[in-house]
Amino acid sequence: SLDGFGNFERPELAAMGAVVRYLEVTQKGSLPLLRPPVRVSMATAMALDPATRRNLELTEALGGGRANTLLASIDRTLTAPGARLMERRMSSPATDASIITDRHDKVAALVDRPDLRRALRDILRHVSDLDRALSRLALDRGGPRDLGAVRDGLRHAVDLRAALDRQRDPALAGIAAALEGPGDLSDLLGRALADDLPVTLRDGGMVAKGHSPDLDATRKLRDEGRGVIAGLQAQYVEATGIGALKIKHNNVLGYFIETPATHAERMLGQPLADTFIHRQTTANALRFTTLDLSELEKRILNAADRARALEREIFETLRAAVLAEAGPLAALTRAIAELDLAAGLAERAAEGDWVRPGITTGRDLMIEGGRHPVVEAALQGSGAPFVPNDAELSATEDSAHILLLTGPNMAGKSTYLRQIALIVILAQMGSFVPATKARIGIVSQVFSRVGAADDLARGRSTFMVEMVETAAILNQADETALVILDEIGRGTATYDGLSIAWATVEHLHAVNRCRAIFATHYHEMTALAGQLENVRNATVAVKEFKGEIVFLHQVRDGAADRSYGVQVAKLAGLPAPVIARAQEVLHELETRETGAGGDTGLLDDLPLFSTHPPKPPEPAPDGLRKVLDEVNPDDLTARQALEMLYRLKDIAAGD
């Protein structure tokens, strides 16, 4: 019965039973270290569905691997338990304001005390993985170094607590108290274990000298026996007069006397044959034994076996002592992980000049000078600064707040969408955030529909995947959710896509009533800002300069009037005839849409652009060609070359 651990529902019991059954089948009786079951309430954790985790690249990049993920950009932990705790916190941010505030207090305490942070991190750098050591020992797969990891972990915990006690910060008092490990176990392991531990028990040398008198006596016999072997060899060299005589050992013969084959006649003849008993002849040597050597071998082998048996007994005693303190050791490991995570987040905040966010129980969402943590980290060293942007999505009690974001391709809309979601996740996992100021009302759910992907194995096109993910958002998002949507409806016909996008915004506003950012290229949707309460327009600014576009990456109030798709295609390297034809078609379509008429024959060849061959490039003017033919660059001085350049420019301009 699990009644002593709480009231569990039938599905929870089934899940625990499945875990136990799996362990019984796979571990064959060697069960790992299991702790009492604890129910985790989903009401205290932010909901993040798989699509959102994938789109935001929290712990795994879209292309696979950990590089360029949020986790990789902020992870400054130094211990394995700390790294695992960071990943858990990021995958399940808190929604309890008191829990979040407590985590922020810990980070703030270490941000404000850089000397303490450095001292703690210097100690944490050497802390072993206690969780792993305990698991290996519980499974009876551990070795001397796992015991050493526990011993060293207890020692480092004392050092960490001493550093915290010197500062006595209230925010870190709980961690300091939890770092009080089982002192008797620490003393026992400190006395019993040698400083330099072997990898396995059979290597010997695990137990420190002086811990076991019986083991010390056995080791002495074993080690002195080796010295006696050396003395016996010297006696035999003197008795035979053969300087090349050696006493050796292998697993087949044990100890034996070996002489070169050239001394066979002397060794096999009298009087040596009475003392040296012939055992084996090889191509280059003869091997013998003696009664004295056989007796000494028995003594030495018995001592070595006895020493290994005693070390095994001591190991099992120490292993049992460690497992008896598994509960306090687990609490100690959690305290170390908590301290490592707080110190790591404080280090990241100090590196990037991050700020502590304000946490409220309302529906605020205000960010000043927000930055994308992953993109900003990638830009470091390139000389290109990240352009910060503000966000204001504070909703009222009975109304949504939706931002309609328009702007050209490549301007940074997707980056802006993601950075808002990432800042919210960072804040609620207990981290400082990349901004100059932030105030965040608790977000219960984050939904992200960004990017395009298909799922052909399950029969889903790109558009179907987009619609399935959008449906999940509209059916699940509550009033405290944050929804990030990018280009809904782009995978189908223009009017179909616009209709779906329009209806989606209306549903978010009237039914879900959540905070949302909706990025779109459908400029017609900007009219919703005048029809729905708390829906406003914003755009990512660009500037045109000499026929080219310059991306400013600045989010401003207002709506974009064009998408600059042809210019982006030009930047991507599409052939010049394609770009020229696209500009012609775009101009004609825009002219017809505004009702200004136009030559409809230009569109007869759509959608294949044009059946006519592209126009060849204009030939150079005759005057320019003539001058170029007359010039030999190798004959020009620097001044003449400069003058020629000005002359060519004038000719090209038609002067």
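Details of the structure are given in the entry above.
The structure displayed is predicted, hence computed values, not measured ones.

J.: Would you take a moment to explain the overall build of the protein chain for this structure?
T.: In terms of regular secondary structure, the protein chain is built from 23 helices and 15 strands. Overall size of the protein chain, expressed as C-alpha extent along the three principal axes, is 125 × 85 × 55 Å. Expressed as a percentage of contacts within the protein chain between residues at least 6 apart in sequence, the contacts between residues at least 24 apart total 68%. Summed over its atoms, the accessible surface of the protein chain is roughly 34300 Å², and 53% of this surface lies on carbon and sulfur atoms. Here the protein chain holds 75 positive side-chain charges and 89 negative ones, and the gap between their average locations is 6 Å.

J.: Mind showing me how you'd approach the sheet that holds strand E4 (residues 277-281) here?
T.: For sheets, the rule is that strands pair by backbone hydrogen bonds, running either parallel or antiparallel. Reading across from one edge, E2-E3-E5-E4 is the order of the 4 strands in this open sheet, with antiparallel pairing throughout. On the outer flanks of this sheet lie strand E2 (246-250) and E4, each paired with one strand and no other. The average undirected angle you get between the axes of adjacent strands in this sheet is 40°. Sheet topology note: the strand E3 (residues 254-260)/strand E5 (residues 285-289) ladder contains 4 bridges and is antiparallel.

J.: Quick question: what am I supposed to make of a nonpolar patch on the surface here?
T.: Among the surface-exposed residues, Leu642, Leu645 and Tyr646 lie close enough to one another that they form a single nonpolar patch of about 350 Å² accessible area. The exposure class of Leu642 is partly exposed, given its relative accessible area of 47%.

J.: Is there a simple way to think about the environment of Leu78 in this case?
T.: Following the sequence through the fold, Leu78 ends up in the loop between helix H3 (70-74) and helix H4 (80-91). Residues Leu78 and Val25, spaced 53 residues apart in sequence, show a C-alpha to C-alpha distance of 35 Å. When near neighbours in sequence (up to four residues on either side) are disregarded, Leu78 contacts Arg121, Leu124, Arg125 and Asp340.

J.: Could you clarify how one ought to interpret the packing of helix H8 (residues 144-167) against helix H15 (residues 326-352) in this entry?
T.: Helix-helix packing is characterised by the crossing angle of the two axes and by the distance between the axes. In contact at an axis separation of 11 Å, H8 and H15 are set at 55° when each is read in the N-to-C sense. As far as their axial angle goes, H15 and H8 are oblique. Considering how the two elements wind past one another, H8 and H15 form a crossing that is left-handed. Side by side, H8 and H15 meet where Val150, Leu154, Ala157, Leu160 and Leu164 of the first sit next to Leu329, Leu332, Ile336 and Leu339 of the second.

J.: Looking at this structure, I do not really get the packing of aromatic side chains. What am I missing?
T.: Remark: the centre distance and the inter-plane angle together describe each pair of aromatic rings, the angle taken between the planes. All told, the structure shown has 1 aromatic pair when counted by the stated rule. Summarising the aromatic geometry, the rings of Tyr236 and Phe276 are spaced 5.1 Å apart at their centres and angled 70° between planes, so their arrangement reads as edge-to-face. Of this pair, Tyr236 sits in helix H11 (residues 213-240) while Phe276 sits in the loop between helix H13 (272-275) and E4, and the two are 40 residues apart along the sequence.

J.: What's the story with the side chain of Asp49 in this structure? I'm lost.
T.: Counting through the fold element by element, Asp49 comes out in the loop between strand E1 (47-48) and helix H2 (50-56). Buried within the structure, Asp49 lacks any salt-bridge partner; its nearest side chain of opposite charge belongs to Arg53, at an N-O separation of 6.7 Å. Here the side chain of Asp49 touches Thr52 through a polar contact of 2.5 Å, side chain to side chain.

J.: Honestly, the pattern of salt bridges in this entry has me stumped. Any pointers?
T.: Any two side chains of opposite charge can pair, on the condition that their charged atoms come close. As enumerated under the stated definition, the model contains 38 salt bridges in all. Between Arg348 and Glu351 there is a salt bridge, and its shortest N-O distance comes to 3.9 Å. Of this pair, Arg348 and Glu351 both sit in helix H15, 3 residues apart, roughly one helical turn. The exposure class assigned to Arg348 is buried, which follows from its relative accessible area of 3%.

J.: Mind showing me how you'd approach the side chain of Arg287 here?
T.: By secondary structure assignment, the location of Arg287 is in strand E5. Of the residues examined, Arg287 reaches a relative accessible area of 17% and is grouped as buried. A distance of 3.0 Å separates polar atoms of two side chains, one belonging to Arg287 and the other to Glu258. A polar contact of 2.8 Å, which involves the side chain of Arg287, links it to the side chain of Gln280. With sequence-adjacent residues up to four places away left out, Arg287 is seen in contact with Asn250, Leu253, Phe256, Ile257, Glu258, Ile277, His278, Arg279, Gln280 and Thr282.

J.: Looking at this structure, I do not really get the pairing of strand E14 (residues 535-545). What am I missing?
T.: Two faces make up the sheet, and in a regular strand the side chains alternate between them. As judged from the 5 bridges shared by strand E9 (residues 401-406) and E14, these two strands associate in the parallel manner. Within the sheet, the bridge partner assigned to Thr406 lies in E14 and is Thr539. Judged from the 7 bridges that link them, E14 and strand E15 (residues 548-557) form a sheet pairing that is antiparallel. The partner of Ala538 across the bridge, within E15, is Asp557.

J.: Would you explain the sheet that holds E1 in this entry?
T.: Reading across the sheet, the 7 strands line up as E1-E11-E12-E13-E9-E14-E15 and stay open at both edges, with mixed pairing between neighbours. The sheet is open, and its two edges are formed by E1 and E15, each paired on a single side. Here strand E11 (residues 445-449) pairs with strand E12 (residues 481-486) via 5 bridges, running parallel. Paired with Val446 across the two strands is Leu482, which belongs to E12. In the packing of helix H18 (residues 462-476) onto the sheet, the strands contacted are E11 and E12, and the crossing angle to E11 comes to about 155°.

J.: Explain H8 here, please?
T.: In an α-helix, one full turn covers 3.6 residues, which means residues spaced three or four apart are oriented alike. Helix length check: H8 (24 residues) gives 36 Å between terminal C-alpha atoms against 34 Å at 1.5 Å per residue, within 8%. Within two residues after H8, Arg168 carries a phi angle of roughly 55°, on the positive side.

J.: Whenever I open this one, helix H7 (residues 130-138) confuses me. Can you help?
T.: Along H7, the residues classified as buried are Leu130, Ala133, Leu134, Leu137 and Ala138. Taken down its axis, H7 places every buried residue within 130° of arc, on the same side. Each element contacted by the buried residues of H7 is listed here: H8, helix H14 (291-324) and H15. With a side-chain oxygen positioned 3.4 Å from the backbone nitrogen of Asp131, the residue opening H7 is Asp129. Positive phi shows up at Asp140, right after H7, with a value of about 60°.

J.: Please explain the nonpolar core as it appears in this structure.
T.: What tends to happen in soluble globular proteins is that the nonpolar side chains get buried as a cluster. Counting 107 residues, the largest nonpolar core has Val150 and Leu179 as the members making the most contacts within it. Per-element tally for this core: the top contributor is H15, with 12 residues. Setting aside its immediate chain neighbours within four residues, Val150 contacts Leu130, Ala133, Leu137, Leu185, Leu189, Val322 and Leu329. Membership of the second largest hydrophobic core comes to 24 residues, among which are Ile402, Leu474, Tyr522 and Met525.

J.: When you look at unusual backbone geometry in this model, what are you seeing that I'm missing?
T.: Backbone phi values are negative for most residues with the exception of glycine, while trans is the configuration of most peptide bonds. Of the consecutive residues Gln270 and Pro271, the connecting peptide bond is found in the cis state with omega at 5°. Following the sequence through the fold, Pro271 ends up in the loop between helix H12 (264-268) and H13. You will see that Arg168, though not glycine, has its phi angle at about 55°, which is positive. Its location among the elements puts Arg168 in the loop between H8 and helix H9 (173-178). Even without being a glycine, Glu487 presents a positive backbone phi close to 60°. Topologically, Glu487 is positioned in the loop between E12 and helix H19 (494-512).

Conventions used here
Residues numbered from 1 in each chain as written. Predicted model: local features only at pLDDT ≥ 70, side-chain atom pairs only at ≥ 80, totals over all residues. Heavy atoms only, no water. Helix = DSSP H or I, 4+ residues; strand = E, 2+ residues; numbered from the N terminus. Contact = heavy atoms within 4.5 Å. Areas by Shrake-Rupley, 256 points an atom, 1.4 Å probe, with all protein chains shown as cover. Lys, Arg positive; Asp, Glu negative; His and termini not counted. Charge placed at Lys NZ, Arg CZ, Asp CG, Glu CD. Pairing = 2+ DSSP bridges. Axes fitted to C-alpha atoms, helices over the stretch in contact; angles between N-to-C directions. Patch = residues over 30% accessible without salt bridge, like charges linked within 9 Å, V, L, I, M, F, W, Y side chains within 5 Å. Salt bridge = Lys/Arg side-chain N within 4 Å of Asp/Glu carboxyl O. Buried < 20%, exposed > 50% of the residue type's maximum accessible area, 1.4 Å probe, protein only. Parallel < 35°, antiparallel > 145°, perpendicular 65-115°, else oblique. Left-handed = near helix turned anticlockwise from the far one by under 90°. Phe/Tyr/Trp six-rings, centres within 6.5 Å; stacked < 30°, edge-to-face > 60°. Polar contact = N/O pair within 3.5 Å; in protein donor to acceptor, adjacent residues only side chain to side chain. Expected span 1.5 Å × (residues − 1). Arc of directions from axis to C-beta. Core = buried A, V, L, I, M, F, W, Y, C linked by side-chain atoms within 4.5 Å.

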